Amino acid sequence: MDEPDCDRGMLFRTYADFPSVNRVVGGWRHTYNTHLKPRFTGPVHTVADIGAGGGDVARDLIRWAAADGVRLDVTAIDPDPRAAAYVDTLPPVEGFSYRRCSSTELADEGARFDFVVSNHVLHHLSAVELGIVLADSERLARLAVVHSDIRRSPAAYLLFGAFTAGRFRRSFIREDGLTSIRRSYRADELRGLVPSGWDVGEQLPYRVLLLHRKESPGA
């Protein structure tokens with residue numbers, strides 16, 4: 001799906017399949033409960049979702065926070081015009097906005113958000129690109145940053161292969177998912193790359209997290 005000339009119908013079906021896949025393998029409900037919700041300080045918070053794709057994680061965060069009595073205003077960003085075109089086909093969600101831009105462009109505008117998150121972005125980045133995104137994230141975030149990605153392991157590859165066998169035949173989910181697992185970082189590899197102030201954590205199932213905390217919740 002990263003190829004610029006890939007089949008548009010297959011690509012849009014891939015975006016449409018992401019919510020069901022991410023809810024199984026992404027672990028974002030636990031991530032929200034552990035790393036975002038405890039840092040809420042009021043009834044409204046802002047979030048930047050970097051490399052948001054079809055925006056399904058952002059929509060989930062908005063829904064979970066609403067159930068907890070908190071409004072999240074999420075700005076989902078992605079430089080890929082095809083992702084923006086797909087999001088334009090979806091019904092609007094209160095608190096959700098989408099921009100076609102990079103994290104650097106957003107940070108250079110002087111934008112600030114309480115939280116910065118990303119899902120399945122890290123494995124697309126070289127070491128240099130990773131450093132840029134982390135620097136941008138520090139500029140953008142007031143409270144905390146949570147970058148979540150697949151953790152490379154043979155077991156993750158085998159389990160995802162089994163989970164997607166015979167499914168998602170009209171999208172790129174299986175092929176791109178297996179490729180992404182092969183490309184993804186292990187926790188020890190990330191520890192050798194991240195600057196001071198960043199923590200590397202692990203989470204089930206086969207997740208790696210890059211965490212940066214700014215002010216304390218009561219600050």
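Here is what the cut-offs are and how they apply
Residues numbered from 1 in each chain as written. Predicted model: local features only at pLDDT ≥ 70, side-chain atom pairs only at ≥ 80, totals over all residues. Heavy atoms only, no water. Helix = DSSP H or I, 4+ residues; strand = E, 2+ residues; numbered from the N terminus. Rg over C-alpha atoms; globule rule 2.2 N^0.38 Å. Buried < 20%, exposed > 50% of the residue type's maximum accessible area, 1.4 Å probe, protein only. Areas by Shrake-Rupley, 256 points an atom, 1.4 Å probe, with all protein chains shown as cover. Lys, Arg positive; Asp, Glu negative; His and termini not counted. Charge placed at Lys NZ, Arg CZ, Asp CG, Glu CD. Axes fitted to C-alpha atoms, helices over the stretch in contact; angles between N-to-C directions. Parallel < 35°, antiparallel > 145°, perpendicular 65-115°, else oblique. Left-handed = near helix turned anticlockwise from the far one by under 90°. Contact = heavy atoms within 4.5 Å. Nonpolar A, V, L, I, M, F, W, Y, C, P; charged D, E, K, R; others polar. Expected span 1.5 Å × (residues − 1). Polar contact = N/O pair within 3.5 Å; in protein donor to acceptor, adjacent residues only side chain to side chain. Core = buried A, V, L, I, M, F, W, Y, C linked by side-chain atoms within 4.5 Å. Salt bridge = Lys/Arg side-chain N within 4 Å of Asp/Glu carboxyl O.

A.B. asks: What exactly am I supposed to notice about the overall build of the protein here?
C.D. replies: Across its full length, the protein holds 9 helices and 7 strands. Compactness check: the protein gives a C-alpha radius of gyration of 17 Å against a globular reference of 17 Å for 219 residues, within 12% of the reference. Across its three principal axes, the protein shows a C-alpha extent of roughly 50 × 40 × 30 Å. In the protein, buried positions account for 52% of the 219 residues. With the model as given, the accessible surface of the protein reaches about 10,200 Å², and the carbon-plus-sulfur share is 54%. Looking at the protein, you have 28 positive and 29 negative side-chain charges, and the mean spots of the two groups are 5 Å apart.

A.B. asks: What is the right way to read the packing of helix H2 (residues 28-36) against helix H3 (residues 56-67) from this model?
C.D. replies: Angle between the axes and distance between the axes are the two parameters that describe a pair of packed helices. Here H2 crosses H3 at 55°, and the two axes come no closer than 11 Å. Here H3 runs oblique to H2, going by the angle between their axes. The two elements H2 and H3 cross, and the hand of that crossing is right-handed. Facing H2, whose interface residues are Trp28, Arg29, Tyr32 and Leu36, H3 presents Val57, Leu61, Trp64 and Ala65. By residue class, the composition of the contact of H2 with H3 is 7 nonpolar, no polar and 1 charged.

A.B. asks: What's the story with the packing of helix H7 (residues 154-164) against helix H8 (residues 173-183) in this structure? I'm lost.
C.D. replies: Where H7 contacts H8, the axes come no closer than 10 Å and their chain directions differ by 175°. Here H7 lies roughly antiparallel to H8, going by the angle between them. Contacts from Ala156, Tyr157, Phe160, Gly161 and Thr164 in H7 reach Ile173, Arg174, Gly177, Leu178, Ile181 and Arg182 in H8. Considering only residue class, the contact of H7 with H8 consists of 6 nonpolar, 3 polar and 2 charged.

A.B. asks: Would you mind showing me how to read the side chain of Ser118 here?
C.D. replies: Inspection of the secondary structure puts Ser118 in strand E4 (residues 113-119). Of the residues examined, Ser118 reaches a relative accessible area of 1% and is grouped as buried. Discounting chain neighbours no more than four positions away, the residues touching Ser118 are Trp28, Asp49, Ile50, Val146, His147 and Ser148.

A.B. asks: Can you walk me through the environment of Phe96 in this structure?
C.D. replies: With respect to the helices, strands and loops of the structure, Phe96 is situated in strand E3 (residues 96-99). Considered as a pair, Phe96 and Thr41 are 55 residues apart in the sequence and their alpha carbons are 20 Å apart. Sequence-distant contacts of Phe96, that is, excluding residues within four places in its chain, are made with Gly55, Ala58, Arg59, Ile62, Val74, Ala76 and Val87.

A.B. asks: Looking at this model, I keep getting lost on helix H1 (residues 8-25). Mind explaining?
C.D. replies: Along an α-helix, a turn takes 3.6 residues, which lines up residues three or four apart on a common side. In this model H1 runs 25 Å from its N-terminal to its C-terminal C-alpha over 18 residues, within 8% of the 26 Å that 1.5 Å per residue would give. Every buried residue of H1 is accounted for by Leu11, Phe12, Thr14, Tyr15, Pro19, Val21 and Asn22. Looking at the buried residues of H1, the elements they touch are H3, helix H4 (81-87), E4, H7 and H8. Capping the start of H1 is the job of one residue whose side-chain oxygen sits 3.1 Å from the backbone nitrogen of Gly9: Asp7. Gly27, located one to two residues past H1, shows a positive phi value of around 65°.

A.B. asks: Would you mind showing me how to read unusual backbone geometry here?
C.D. replies: Peptide bonds are trans in most cases, and residues, glycine excluded, mostly fall at negative phi. Between Leu204 and the following residue, Pro205, the backbone shows a cis peptide bond with an omega angle of -5°. Looking at where Pro205 falls in the secondary structure, it is placed in the loop between strand E6 (199-203) and strand E7 (207-213). One non-glycine residue, Phe168, lies in the positive phi region at around 55°. With respect to the element layout, Phe168 can be found in the loop between H7 and H8.

A.B. asks: Hey, could you run me through the nonpolar core in this one?
C.D. replies: For soluble globular proteins, nonpolar side chains are generally found buried alongside one another. Judged by nonpolar contacts, the single largest core of 35 residues is most densely connected at Leu36, Phe40, Leu61, Leu72 and Tyr98. No other element matches H3, which puts 6 residues into this core. The residues contacting Leu36, other than those within four sequence positions of it, are Thr31, Leu61, Phe115, Val117 and Val146. Membership of the second largest hydrophobic core comes to 26 residues, among which are Leu106, Leu125, Val133 and Leu140.

A.B. asks: I would appreciate a short explanation of the pattern of salt bridges in the present structure.
C.D. replies: Close approach of charged atoms allows side chains of opposite charge to pair. Scanning the model with the defined rule gives 15 salt bridges in all. Measuring nitrogen to oxygen at the nearest pair gives 3.0 Å for the salt bridge that ties Arg139 to Asp108. In this pair, Arg139 is assigned in helix H6 (residues 127-140) and Asp108 in helix H5 (residues 103-108), connecting sequence segments 31 residues apart. Residue Arg142 pairs with Asp114 through a salt bridge whose shortest N-O separation is 3.4 Å. With Arg142 in strand E5 (residues 141-150) and Asp114 in strand E4, this residue pair connects regions lying 28 residues apart in the sequence. Salt bridges here are not isolated pairs; linked through shared partners, they connect Arg152, Arg186, Asp188 and Glu189.

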